[in-house]
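Spelled out from the first residue to the last, the chains are:
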Amino acid sequence: MSVLVLVLSVSAAFCLGIGFVLQQNAARHAPLGDFLSPRLLLDLIRVPRWLAGIGLMVCGMALGAVALGKGEVTLVEPLLATNLLFALVLSRRQTRQPLGRQGWAGLLLLAGGVTAFIVAGQPRGGSAVTDPLRHWLIIGVMVGGALSLAALAKRSRLSAGPVLLAVAAGLLYGVQDALTRVSGQRLAAGGWEALLTGWQPYAVFALGVTGLVLVQSAFETAPLRMSLPALTAAQPLAGIVCGVGFLGDRLRMDTGALAWEAAGLAGIVVGVVLLGLHPAMPGAGARERVHVTSGKSSASDD
């Protein structure tokens, strides 16, 4: 594994984790009438803390894009999942909660899962699949699944809704990461003309904006511990599926390697959930709202 890819990926995870905490701190004060609406972004853009969180997220995505240009999606995605560790560090400073057994268990499972998957799978590049049907089938399943989850969330936004929205956003971000890598390859091969004449960069932008609305709506209606674990778990899984499915990433496929890869992915998911549900994660409910458009506080019982 390239040291540069490791440094870029962990740096991206740092920016993403801190950015998510700042965004949720601001989004939970947004008007509930903006749920799943682009108006939510227009309201939040007036909040300095949210802008700081978005700035960090953009930096994280940029660093992730560079990492994806130099390494395989199946290598970078598990490393990006460590953003939850940095989110927990900032949340602990805010809540002053000790790490405890749950925190240490989650940390060890996440770190061990990432290590096991990378060491066992030995992700490496290969020839991208040229069959467009396979590309569109995988992308269609991911995007279609995300839209279906968002539709379900709209009906149950104050119960399972935030989790469904976070999973949906994670699926979109996983596809976005895969298409970011394709865009980088087009730029390297043919310059800006090749990049801008392809559909991939426009899809990257559309997926990013849609995912942002879903994430902010999840942050708006529930504590971070309900949404961030689902987002963090879904994104690498979707990215790995895209990487192996049509980008040509290769993993070791012998029985022993597959068993360790599966165990590593399971460790990542369980570790993410344990860390996300840690008491240090912001747990303020979504019942107290501050209408950012007027700057006046008002309580509403959801």
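Quick note: structure is the one above.
What comes next is a walk through the structure. Everything numeric here is computed off the predicted structure, so don't read it as measured data.

### Focus on the pattern of salt bridges
Point 1. If you walk through the whole model with that rule in mind, you get 2 salt bridges.
Point 2. Here Asp249 ties to Arg181 by a salt bridge, and the two come within 2.6 Å at their closest N and O atoms. Taken together, the positions of Asp249 in the loop between helix H10 (224-245) and helix H11 (255-276) and Arg181 in helix H8 (residues 161-196) put the pair 68 residues apart, joining distant regions of the chain.
Point 3. The buried category is assigned to Asp249, whose relative accessible area is 3%.

### Let's talk about empty space enclosed by the protein
Point 1. Scanning the entire structure with this criterion turns up 2 cavities of 30 Å³ or more.
Point 2. Of the volumes computed, that of the largest cavity is approximately 40 Å³.
Point 3. Contributing to the lining of the largest cavity are Glu77, Leu80, Ala81, Asn83, Leu231, Thr232, Gln235 and Pro236.
Point 4. For the lining of the largest cavity, the elements supplying multiple residues, two or more each, are helix H4 (73-80) and H10.
Point 5. Here the residues of the lining of the largest cavity sort into 4 nonpolar, 3 polar and 1 charged.
Point 6. Considering only enclosed or pocket space, the second largest cavity measures out at about 30 Å³ in volume.
Point 7. Pro78, Ala233, Pro236, Leu237, Ile240, Leu265, Ile268 and Val269 are the residues that line the second largest cavity.

### Quick word on the nonpolar core
Point 1. Counting residues in hydrophobic clusters, the biggest one holds 80 residues, and the most contacted among them are Leu228, Leu231 and Phe246.
Point 2. Broken down by element, this core gets its largest block of residues, 11 residues, from H8.
Point 3. Once residues within four sequence positions are removed from consideration, Leu231 is found in contact with Phe20, Ala166, Ala169, Gly170, Tyr173 and Val215.

### Focus on helix H9 (residues 200-221)
Point 1. With 22 residues, H9 extends 32 Å from end C-alpha to end C-alpha; this agrees with the ideal 32 Å at 1.5 Å per step.
Point 2. Taking burial as the measure, the 22 residues of H9 include 17 buried ones, the bulk of the element.

### Digging into unusual backbone geometry
Point 1. With a phi angle near 45°, Gln122 is a residue other than glycine that sits in the positive phi range.
Point 2. By secondary structure assignment, the location of Gln122 is in the loop between helix H6 (100-121) and helix H7 (132-155).
Point 3. The exposure class of Gln122 is partly exposed, given its relative accessible area of 43%.

### Overview of the packing of H10 against H11
Point 1. One way to put it is that H10 packs onto H11 with a least axis distance of 8 Å and a crossing angle of 160°. Relative to H11, the element H10 is oriented roughly antiparallel. Where H10 crosses over H11, the two elements pack in a sense that is right-handed. Listed contacts from H11 to Arg225, Pro229, Thr232, Ala233, Leu237 and Ile240 of H10 are Leu265, Val269, Val272, Val273 and Gly276.
Point 2. Broken down by class, the residue content of the contact of H10 with H11 amounts to 8 nonpolar, 2 polar and 1 charged.

### Some thoughts on a nonpolar patch on the surface
Point 1. On the surface, Leu187, Trp192, Leu196 and Tyr202 cluster together to form a nonpolar patch covering roughly 450 Å² of accessible area.
Point 2. With 3 residues, H8 is the largest single contributor of residues to the nonpolar patch.
Point 3. If you trace the backbone, Leu187 turns up in helix H8.

### Some points on the layout of surface pockets
Point 1. Space inside the largest pocket adds up to approximately 540 Å³.
Point 2. Val58, Met61, Gln176, Val204 and Gly208 are the residues nearest the centre of the largest pocket, which is lined by 24 residues in total.
Point 3. For the lining of the largest pocket, the elements supplying multiple residues, two or more each, are helix H1 (3-27), helix H3 (48-70), H8 and H9.
Point 4. Among the elements that make up the lining of the largest pocket, the one with the highest residue count is H3 (9 residues).
Point 5. Class assignment for the residues of the lining of the largest pocket results in 17 nonpolar, 6 polar and 1 charged.
Point 6. Residue lining of the second largest pocket: Ala128, Pro132, His135, Trp136, Leu179, Val182, Gln185, Arg186, Trp199, Gln200, Phe246 and Leu247, and that is the complete set.
Point 7. In terms of residue count, the dominant contributor to the lining of the second largest pocket is H8 (4 residues).
Point 8. Class assignment of the residues belonging to the lining of the second largest pocket gives a composition of 8 nonpolar, 3 polar and 1 charged.

Calculation rules
Residues numbered from 1 in each chain as written. Predicted model: local features only at pLDDT ≥ 70, side-chain atom pairs only at ≥ 80, totals over all residues. Heavy atoms only, no water. Salt bridge = Lys/Arg side-chain N within 4 Å of Asp/Glu carboxyl O. Helix = DSSP H or I, 4+ residues; strand = E, 2+ residues; numbered from the N terminus. Buried < 20%, exposed > 50% of the residue type's maximum accessible area, 1.4 Å probe, protein only. 1 Å grid on protein atoms, 1.4 Å probe; cavity = no way out; pocket = protein on both sides within 12 Å on 5 of 7 lines; lining within 4 Å. Points joined across faces, edges and corners; volume = space filled by probe spheres on them. Nonpolar A, V, L, I, M, F, W, Y, C, P; charged D, E, K, R; others polar. Core = buried A, V, L, I, M, F, W, Y, C linked by side-chain atoms within 4.5 Å. Contact = heavy atoms within 4.5 Å. Expected span 1.5 Å × (residues − 1). Axes fitted to C-alpha atoms, helices over the stretch in contact; angles between N-to-C directions. Parallel < 35°, antiparallel > 145°, perpendicular 65-115°, else oblique. Left-handed = near helix turned anticlockwise from the far one by under 90°. Patch = residues over 30% accessible without salt bridge, like charges linked within 9 Å, V, L, I, M, F, W, Y side chains within 5 Å. Areas by Shrake-Rupley, 256 points an atom, 1.4 Å probe, with all protein chains shown as cover.

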